[in-house]
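Below, each chain spelled out in residue letters.
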Amino acid sequence: MYGAAAQQPASPPAAAPLPPGSPMIGRPDNEAAQKLAPVAPPPLAAAPDKLPLAKLKVPAGFNIEVYAAGMANARSLALGDKGTVFVGSRLLDKVYAIINKDGKREVKVIASGLYRPNGVAFKDGTLYIAELSKVSKIEKIEDNLDNPPKPVVIYDNLPKDEAHGWKFIAIGPDNKLYVPVGQPGNNVLHDENHGQIRRINLDGSGAEVVARGVRNTVGFDWNPETKQLYFTDNSRDWMSEDLPNDELNRITKVGEHFGSPYCWQGNIPDPEFGWGHSCSEFTPPVGLMGPHAAALGMRFYTGSMFPKTFKNAIIVARHGSWNKTVKFGGDVVVVHLNKDGTVKNIEPLITGFLEDNKYVGRPVDVMQLKDGSLLVSDDWNGAVWRVTYGKQKVAGQ
Amino acid sequence: MRSMIAALAFFSLACSANAETMEERTAACFACHGEKGQSETENTPSLGGQQAPYALIQLFMFREKLRTFEPMNDMAKGFTDDDLQKFSDLISKLPKPKPPEDAGEGAKMQRGLALVQQHRCNNCHNADLSGKENVPRIANQREDYLNKTLGEYKDNTRHGYDATMADVMQVVTKEQIADLAYYIAHVR
């Protein structure tokens, strides 16, 4: 910070220090940093003929196609028993359904007037929707797609903070609904009700915190072999261009603390809050997902369509950075694990969302269909992509 | 308020006639937002020189009732996606608002400038507060509108497209909002 100031003798006197809790803490006062701001997606979904399909690249043997379009700000994905794909949104008030009927796909709005309904989950005929500060459900949703009833709230004992308040949700092998509560700001000390993942029974009862020190997770899934919960976590802004990395974490016991806001990526004490703490107090990540990469949706691949190396690997959507001069992420990667469940390596699956340091698309969530193909939501284009492997049935790229 | 209702009535008329030119349709906007988007109406923003992506987002939010202000929700109700695009492009090409004739009171301007620097408004909104992309131009916006809007972001009665302004305003006090609004309205 002092170095940067020294290089710019003409700039006005240094600004007063930021008050505690400001999202701007750590932001250096120089021209390069001034160019960086969160990137907002367009509010209108891209027209089908304007989708950047031709720009997206997949490894040899894989194919990519448009699964559905016209869903502005398409975010989290959930799959119904009868093949309906449910899609949440964060900046709109809508939950969409992609309905498969007689070989055709149709997009419908099945709920609206909701507040940041980012999270969707499905179990035994019921759709669960997570808004900013409440979770609701619609029973027998797939039987009522033409005239769905209003969501019924099952749980609303949640803070109302905007920062990291939107939620990814999923139902675990223990039949409980997992609900994150983000840290209420970029880098802030907070009370016990924030910075965690909690689980509740499907009727909203029995809330229990399963993980602490979680800054902002927007994707998780359970290892099909060990049943352990793995989750992505977005690390803080403004520490540096290349640090800290986003994390891939694993819960091995209930109530573990994953470090935020005291320690990042398992080995970097926070310059402000790390004093008096050691990273050894906290559970380190099983892998690093890249600086400011915004690793969001993730699922274990259990299908048989993709090559054998994908079996039980994790597919992760990296939404892409904003807090970095040369953008990073904006892709879908496959994370291979070692026998001990830690990360072995990370390989690209879909690239091309980033062109000349600008986004032409941004992946948010991934979800495997019953045939083993993979859906990827894209909140920049308001679309869902589908990746297949093997001989291509659909004409396209 | 009366002029607003009159404008609304006029606008409904304007909208119902499909053959109306853009110029005719924008007359309703200017009835409240001032000639060429330089507002002289209380609590009503100047539109001139606004960033097109920001204007598009706001018009979209009015149409979808994600941002609630009844007259604007009514105005935008029948807009097609193409309308949203056209109006936001047009708004961005109007002349930017002029600073008030008075340069602003020294001590108040000093306090405002210090706050703009402290809270890094001049980062996302640019050094000259002209905005960029989805971040709005705020320079020389009406002081009353700035006051109102910053207060609404702070108590979360105005929902932003994303969480950024709610996050930023958490640590800004009510007294500071007055100095910020004064400075931003007068900045040269």
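The following refers to the structure shown. The model shown is predicted, which means the values in this text are computed figures rather than measured ones.

The next subject is the packing of aromatic side chains. In the structure shown here, the tally under the stated rule is 16 aromatic pairs over all chains. Measuring from centroid to centroid gives 4.9 Å for Y178 of chain A and W222 of chain A, while their planes differ by 75 degrees, and the two rings are edge-to-face. Here W222 of chain A lies in strand β14 (residues 220–222) and Y178 of chain A lies in strand β11 (residues 177–181), a separation of 44 residues in the sequence. Each member of the pair, Y178 of chain A as well as W222 of chain A, is classed as buried. Between R25 of chain B and the ring centre of F79 of chain B, over which it is positioned, the NZ or CZ distance is 5.7 Å. Sitting over the ring of Y182 of chain B, K108 of chain B keeps its end group 4.5 Å from the ring centre.

It is worth spelling out the state of the cysteines at this point. Within the structure shown, the criterion is met by one disulfide over all chains. C263 of chain A shares a disulfide with C279 of chain A; S-S distance 2.1 Å. Linking C263 of chain A and C279 of chain A, the disulfide has an S-S dihedral of approximately 105 degrees and is accordingly described as right-handed. Here the residue C263 of chain A occupies a position in strand β18 (residues 263–264), and C279 of chain A occupies one in the loop between β19 (268–269) and β20 (287–291), the gap between them amounting to 16 residues. Under the relative-accessibility criterion, C263 of chain A is labelled buried at 2%. Looking at C121 of chain B, it has no disulfide partner, and the nearest cysteine sulfur is the one in C124 of chain B, 9.2 Å off. Judged by its relative accessible area of 16%, C121 of chain B is buried.

Residues and elements named next belong to chain A. Extensive coverage of β11 is indicated by the burial of five of its five residues. Across the two faces of β11 the burial is the same, with L177, V179 and V181 and Y178 and P180 all buried. Summarising the sheet, strand β10 (residues 170–171) and β11 pair through two bridges and their orientation is antiparallel. When the sheet's bridge partners are listed, I171 is paired in β11 with L177. The loop that links β10 with its antiparallel partner β11 comprises five residues; one of these, N175, has a positive phi angle of about 65 degrees. Sheet topology note: the β11/strand β12 (residues 196–200) ladder contains five bridges and is antiparallel. In the sheet register, V181 faces β12, and the bridge partner there is Q196.

Below, the discussion takes up the pattern of salt bridges. Applying the stated criterion across every chain yields a total of 26 salt bridges over all chains. In this structure, the salt-bridge partner of K137 of chain A is E139 of chain A, at a minimum N-O distance of 3.0 Å. Residues D144 of chain B and R142 of chain B are paired through a salt bridge, measuring 3.0 Å at the closest nitrogen-oxygen approach. The class of R142 of chain B is partly exposed, set by a relative accessible area of 21%.

The subject of this paragraph is the nonpolar core. Y67, M71, V85, V87, I98, L375 and V384 of chain A are the most contacted members of the largest nonpolar core, which has 36 residues in total. The dominant element in this core, judged by the number of residues it contributes, is helix α3 (residues 52–63) of chain B, at seven residues. Those residues in contact with L375 of chain A that lie beyond four places of it in its chain are Y67, L77, V85, D365, V366, M367, L369, V384, W385 and R386 of chain A. Core analysis: the next-biggest nonpolar cluster, separate from the first, contains 23 residues, A46, V334, V376 and W385 of chain A among them.

What follows deals with helix α10 (residues 174–186) of chain B. With 13 residues, α10 of chain B extends 19 Å between its outermost C-alpha atoms, agreeing within 8% with the 18 Å of an ideal straight helix rising 1.5 Å per residue. For α10 of chain B, every residue scored as buried is listed here: I177, D179, L180, A181, Y182, Y183, I184, A185 and H186 of chain B.

Moving on, we come to unusual backbone geometry. With an omega of -10 degrees, the peptide bond between L243 of chain A and P244 of chain A qualifies as cis. Structurally, P244 of chain A is set in the loop between β15 (229–233) and β16 (245–251). The residue after S260 of chain A, namely P261 of chain A, is reached through a cis peptide bond having omega 0 degrees. The residue P261 of chain A is located in the loop between β17 (256–257) and β18 in this model. The phi dihedral of N357 of chain A falls on the positive side, at around 65 degrees, and the residue is not glycine. By secondary structure assignment, the location of N357 of chain A is in the loop between β25 (354–355) and β26 (358–359). Even without glycine at this site, N43 of chain B takes up a positive phi of about 55 degrees.

As a further point, take the sheet that holds strand β23 (residues 331–337) of chain A. Residue and element names in this part refer to chain A. Strand order in the open sheet formed by four strands is β21-β22-β23-β24, with antiparallel pairing between adjacent strands. Every other strand in the sheet has two partners, leaving β21 (295–300) and β24 (343–350) as the edge strands with one partner each. When strand polarity is set aside, the average angle formed by the axes of neighbouring strands in this sheet is 25 degrees. When β21 meets strand β22 (residues 314–318), the two strands line up antiparallel, connected through four bridges. Residue pairing across strands places M298 opposite V316, the latter belonging to β22.

What counts and how
Residues numbered from 1 in each chain as written. Chains lettered and ligands numbered in written order. Predicted model: local features only at pLDDT ≥ 70, side-chain atom pairs only at ≥ 80, totals over all residues. Heavy atoms only, no water. Phe/Tyr/Trp six-rings, centres within 6.5 Å; stacked < 30°, edge-to-face > 60°. Helix = DSSP H or I, 4+ residues; strand = E, 2+ residues; numbered from the N terminus. Buried < 20%, exposed > 50% of the residue type's maximum accessible area, 1.4 Å probe, protein only. Lys NZ or Arg CZ within 6 Å of the ring centre and 35° of its normal. Disulfide = S-S within 2.5 Å. Pairing = 2+ DSSP bridges. Salt bridge = Lys/Arg side-chain N within 4 Å of Asp/Glu carboxyl O. Core = buried A, V, L, I, M, F, W, Y, C linked by side-chain atoms within 4.5 Å. Contact = heavy atoms within 4.5 Å. Expected span 1.5 Å × (residues − 1). Axes fitted to C-alpha atoms, helices over the stretch in contact; angles between N-to-C directions.

These figures come from the coordinates and say nothing about function on their own.
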